Amino acid sequence: MLAHRITKPIEIPAGGARWRIAFTHRALLDIEELTGMGAMQVNLANLSAGLLRAVLFAVLREAGAATSITEAGEILRPGAVPKIRALLIEAWTASMPETDRDDEEEPSTGNAAEPLTTLDAWAKARYDLRLSDDDWLSMTPRMVYALSKRRLESARQFELMVGVLCAHTVNHSFHAPRNSTNPRSYMLHPWPERASAHSTRVTGETVMTVFADLLPKPKKGKSKP
Amino acid sequence: MKTSTLVIDNETLTLAYDFNAIADAERIAGCNLLAALENLADISAIQLRGLLYAAIVTEPPDVRPTLVDCGNLIRLDTIAAVTMALAKAYELATPGAV
């Protein structure tokens, strides 16, 4: 499956083979069904035996292993438990969206965003990204997030074009504002402002480079002996 | 399945590590037995009772003692023997154990 191929490879041995695991939405739904808990509420670092067995079973089944839940429990021998739990945590991290730099720079409103429920995640995938149920089920949250980032970038490109038109119209209209408006101010989803773009440190080298460009350059081949 | 034995009141019980039994016992015991398993030195009475319940091997399996029966086996004079027998059962189940 594609999710298993583009997610960081993490393998768990079962039934004489090694299975590359990933937390796709199908695996997450299986976990919800087996445990009765929201998949996002599962704390892999502090799992009970029942939860650990259910999570292992779900990811192995999604990877293609014909393992029953009892067989999944048999894999969890005393020495194997910490290792398998560590692998599951690693696979979880690889399957979930990374904290984005854009998100970090979003102004904090003081209200932490509620994590998406499975229903919300499905609705976003179906409506915003036009994914089929099967597509969504076989994708990890990280894959869906990558697509939604692409969609946002595409929306920003379009908004920028409209913003340029708006700014041009406004800035050259009768009663144009004294200070020209910026295309960015007409965008619904402007790119986050990078701190580095506005606060570049000026060093002696920067000044010398600027002055070097201003000075007349010596002409080649006309220098006197 | 490697087993350890626990003798209480002249009755011999066979104990073994079985993750499936532990996972199933969590629902009955109502606590996290995996956390107990990883720190046998610091477990609650509920967890110890649950672990004993999960570890008892019976033949046939349907004559397994109840959770309350297991609780009755754990007394001040038997608690050390129960803990040691459980630790031995888990040690034997660890790969590479003799």
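My aim in this report is to walk through the structure given alongside it, one point at a time. Please read these numbers as outputs of a predicted model, since none were measured by experiment.

### Points about the overall build of chain A
Turning to step 1, where the next piece is worked out: Within chain A, the secondary structure is distributed over eleven helices and two strands.
Turning to step 2, where the next piece is worked out: When its helices and strands are written in sequence order, chain A yields α-β-β-α-α-α-α-α-α-α-α-α-α.
Turning to step 3, where the next piece is worked out: Residues counted as buried form 30% of the 225 residues belonging to chain A.
Turning to step 4, where the next piece is worked out: A sequence separation of at least 24 residues applies to 61% of the contacts in chain A between residues at least 6 apart.
Turning to step 5, where the next piece is worked out: Summed over its atoms, the accessible surface of chain A is roughly 15300 Å², and 57% of this surface lies on carbon and sulfur atoms.

### Let's talk about the state of the cysteines
All names here are of chain B.
Turning to step 1, where the next piece is worked out: Per the counting criterion, the structure on display carries zero disulfides over all chains.
Turning to step 2, where the next piece is worked out: No disulfide involves Cys31; its sulfur sits 12 Å from the nearest other cysteine sulfur, which is in Cys70.
Turning to step 3, where the next piece is worked out: A residue is classified by how much of its surface remains accessible, and Cys31, at 18% relative accessible area, is buried.
Turning to step 4, where the next piece is worked out: Cys70 gets classed as buried once you look at its relative accessible area, which sits at 0%.

### So, the nonpolar core
Turning to step 1, where the next piece is worked out: Membership of the largest hydrophobic core comes to 67 residues, with the highest contact counts inside it found for Phe23 and Leu88 of chain A together with Leu15, Leu52 and Tyr90 of chain B.
Turning to step 2, where the next piece is worked out: When residues of this core are assigned to their parent elements, the largest contribution, nine residues, is made by helix α3 (residues 49-63) of chain A.
Turning to step 3, where the next piece is worked out: Apart from residues lying up to four places away in sequence, Leu52 of chain B is in contact with Leu6, Leu15, Cys70, Leu73, Ile74, Val82 and Leu86 of chain B.
Turning to step 4, where the next piece is worked out: Among the nonpolar cores identified, the runner-up in size contains ten residues, and Ala121, Ala125, Met143 and Val144 of chain A belong to it.

Parameters and conventions
- Residues numbered from 1 in each chain as written.
- Chains lettered and ligands numbered in written order.
- Predicted model: local features only at pLDDT ≥ 70, side-chain atom pairs only at ≥ 80, totals over all residues.
- Heavy atoms only, no water.
- Helix = DSSP H or I, 4+ residues; strand = E, 2+ residues; numbered from the N terminus.
- Buried < 20%, exposed > 50% of the residue type's maximum accessible area, 1.4 Å probe, protein only.
- Contact = heavy atoms within 4.5 Å.
- Areas by Shrake-Rupley, 256 points an atom, 1.4 Å probe, with all protein chains shown as cover.
- Disulfide = S-S within 2.5 Å.
- Core = buried A, V, L, I, M, F, W, Y, C linked by side-chain atoms within 4.5 Å.

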